[in-house]
Amino acid sequence: MEGMQAYGAGKAGGAFDPVTFLQQPQTILRIVSWLFSIVIFGCIANEGYINRPNEVEEYCIFNRNQNACNYGVFMGSMAFLCCVAFLALDVYFPQISSVKDRKKAVLADIGISAFWSFMWFVGFCFLANQWQVSKQEDNPLREGGDAARAAITFSFFSIFTWVGQSFLAFQRYKLGADSALFSHEYTDPSQDAAGAPYTSFGGDDLESPGGGGGQTNSDGPFDGSGGYQRQDY
């Protein structure tokens, strides 16, 4: 079929339209998640480490817990790479001709997006808790406070962007499963009729209206004598 789609994309080999690609909901969410990861990574890497006036060594701004900053930097950098990888997959996805490969890509999208939603939820709770219990004497100059709050805020927003990606991927999976089921189980009635053997109207077992058996055809050659006869008036 011309308009038939498999897992949210048409037939392989179509031309790539960047405007249509950028307007897709999953593309918008991936770009937003990509920007959020940059903000989180940048805030913690640049202003997430401070020290007291009488100290030389810098500690994490989140309750001087190095694990909190390491978690935020790691999550931000990995989410950045993951968003780039999925954007590249979205560009290449319409060129995948195998329905099974498309199914694997969509299932991977569902699983990884759900995983990142959970990880950002954990990260938000972890950073918010460590920021709440931070001591004022550890940061008397109030340095990096805006960066810390920005990292916490965008960690919270990242939960919903990745949940949205997982939901859209699940919709693509349902759409692909329905179309695959339709294409495998649907049979055109005209094809069944064409493939069935033709049965003549007059069979050997057909009885005459008068109750007698059907008359057998003569085995002799047809000479045309029993046909239409012209009458002279």
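All values reported here derive from a predicted model rather than from experimental measurement.

Trainee: Sorry, what's going on with the overall build of the protein here?
Mentor: Counting secondary structure elements, the protein contains six helices and two strands. Put simply, the protein runs from its N terminus to its C terminus through helices and strands in the order α-α-β-β-α-α-α-α. Considering the protein as a whole, with its 233 residues, one finds that 29% of them fall into the buried category. Taking the contacts inside the protein whose residues are at least 6 apart along the sequence as the reference set, 78% of them involve residues at least 24 apart.

Trainee: Sorry if this is basic, but what is going on with the state of the cysteines here?
Mentor: Note on terminology: a disulfide is the covalent bond linking the sulfur atoms of two cysteines. Taken as a whole and assessed by the stated rule, the structure comprises one disulfide. Across a sulfur-sulfur distance of 1.9 Å, Cys60 and Cys69 are joined as a disulfide pair. Its S-S torsion of about 85° marks the bond between Cys60 and Cys69 as right-handed, since a negative value means left-handed. Here Cys60 matches Cys69 in class, with each residue buried. A disulfide-free cysteine, Cys82 has its sulfur positioned 6.1 Å from the sulfur of Cys83, the nearest such atom. When its relative accessible area of 12% is taken as the criterion, Cys82 is described as buried.

Trainee: Would you take a moment to explain the side chain of Ser117 for this structure?
Mentor: By the element assignment, Ser117 lies in helix H4 (residues 99-132). A polar side-chain atom of Ser117 sits 3.0 Å from the main-chain amide nitrogen of Val163. Aside from chain neighbours lying at most four places away, what touches Ser117 is Ile159, Trp162 and Val163.

Trainee: Just to check I follow, could you spell out the UniProt feature "transmembrane region" (unreviewed entry) in the protein for this structure?
Mentor: The sites that UniProt annotates as "transmembrane region" (unreviewed entry) are residues 31-51, 71-93, 105-131 and 151-170. Span residues 71-93 is 96% helix and 0% strand, its end C-alpha atoms 32 Å apart. Summarising residues 105-131: 100% helix, 0% strand, and an end-to-end C-alpha distance of 38 Å.

Trainee: Before we go on, may I ask you to explain the packing of helix H3 (residues 66-92) against H4 in this structure?
Mentor: Each pair of packed helices gets described by two things: the angle between the helix axes and the distance between those axes. Running from amino to carboxyl end, H3 crosses H4 at an angle of 155°, the nearest separation of the two axes being 11 Å. Between H3 and H4, the interaxial angle falls into the category roughly antiparallel. Relative to H4, H3 is oriented so that their crossing is left-handed. On the side of H3, the interface is formed by Asn67, Ala68, Tyr71, Met75, Gly76, Met78, Ala79, Cys82, Phe86 and Leu89, while H4 contributes Ala105, Ala108, Asp109, Ile112, Trp116, Met119, Trp120, Val122, Gly123, Phe126, Leu127 and Gln130.

Trainee: Sorry if this is basic, but what is going on with the pattern of salt bridges here?
Mentor: Side-chain pairs of opposite charge can arise where the charged atoms are in close proximity. Across all of its chains, the model carries five salt bridges by this definition. One salt bridge in this structure joins Asp109 and Arg30, with 2.6 Å as the shortest N-O distance. Taken together, the residues Asp109 in helix H4 and Arg30 in helix H2 (residues 25-47) connect sequence positions 79 residues apart. Using a relative accessible area of 1% as the deciding quantity, one classes Arg30 as buried. The closest approach of N and O atoms between Asp109 and Arg172, which form a salt bridge, is 3.8 Å. Taken together, the positions of Asp109 in helix H4 and Arg172 in helix H5 (residues 145-185) put the pair 63 residues apart, joining distant regions of the chain. Residues joined in a network through salt bridges with shared partners are Arg30, Asp90, Asp109 and Arg172.

Trainee: Would you mind going over the confidence of the model for the protein with me for this structure?
Mentor: When pLDDT drops low, the exact placement of atoms in the prediction is not to be read closely. A residue-level look at the protein finds 69% of positions with pLDDT of 70 or above and a mean pLDDT of 78. Counted against residues more than four places away or in other chains, residues 180-196, with its pLDDT under 50, gives five contacts. Note that pLDDT drops below 50 for residues 198-218; the model gives that stretch four contacts with residues more than four away or on any other chain.

Trainee: Could you clarify how one ought to interpret the environment of Tyr71 in this entry?
Mentor: Structurally, Tyr71 is set in helix H3. Counting along the chain gives 52 residues from Tyr71 to Gly123, while the straight-line C-alpha distance between them is 7.3 Å. With near-sequence residues (within four places) excluded, Tyr71 lies in contact with Met119, Val122, Gly123 and Phe126.

Trainee: Explain the environment of Leu89 to me, please; I cannot follow it from the model alone.
Mentor: You can see Leu89 is positioned in helix H3. On the accessibility criterion, Leu89 (26% relative accessible area) is partly exposed. Separated by 20 residues in the primary sequence, Leu89 and Asp109 place their C-alpha atoms 9.8 Å from one another.

Trainee: I keep staring at H2 and nothing clicks. Help me out?
Mentor: For an α-helix the count is 3.6 residues per turn, leaving residues at separations of three or four pointing the same way. Between its terminal C-alpha atoms H2 stretches 33 Å, which fits the 33 Å expected from 23 residues at 1.5 Å a residue. Gln26, Thr27, Arg30, Ser33, Phe36, Ser37, Ile40, Cys43 and Ile44 are the residues of H2 that are buried.

So, how was this worked out
Residues numbered from 1 in each chain as written. Predicted model: local features only at pLDDT ≥ 70, side-chain atom pairs only at ≥ 80, totals over all residues. Heavy atoms only, no water. Helix = DSSP H or I, 4+ residues; strand = E, 2+ residues; numbered from the N terminus. Buried < 20%, exposed > 50% of the residue type's maximum accessible area, 1.4 Å probe, protein only. Contact = heavy atoms within 4.5 Å. Disulfide = S-S within 2.5 Å. Polar contact = N/O pair within 3.5 Å; in protein donor to acceptor, adjacent residues only side chain to side chain. UniProt positions renumbered as here; feature names shortened; annotations may be inferred. Axes fitted to C-alpha atoms, helices over the stretch in contact; angles between N-to-C directions. Parallel < 35°, antiparallel > 145°, perpendicular 65-115°, else oblique. Left-handed = near helix turned anticlockwise from the far one by under 90°. Salt bridge = Lys/Arg side-chain N within 4 Å of Asp/Glu carboxyl O. pLDDT = per-residue confidence, 0-100. Expected span 1.5 Å × (residues − 1).

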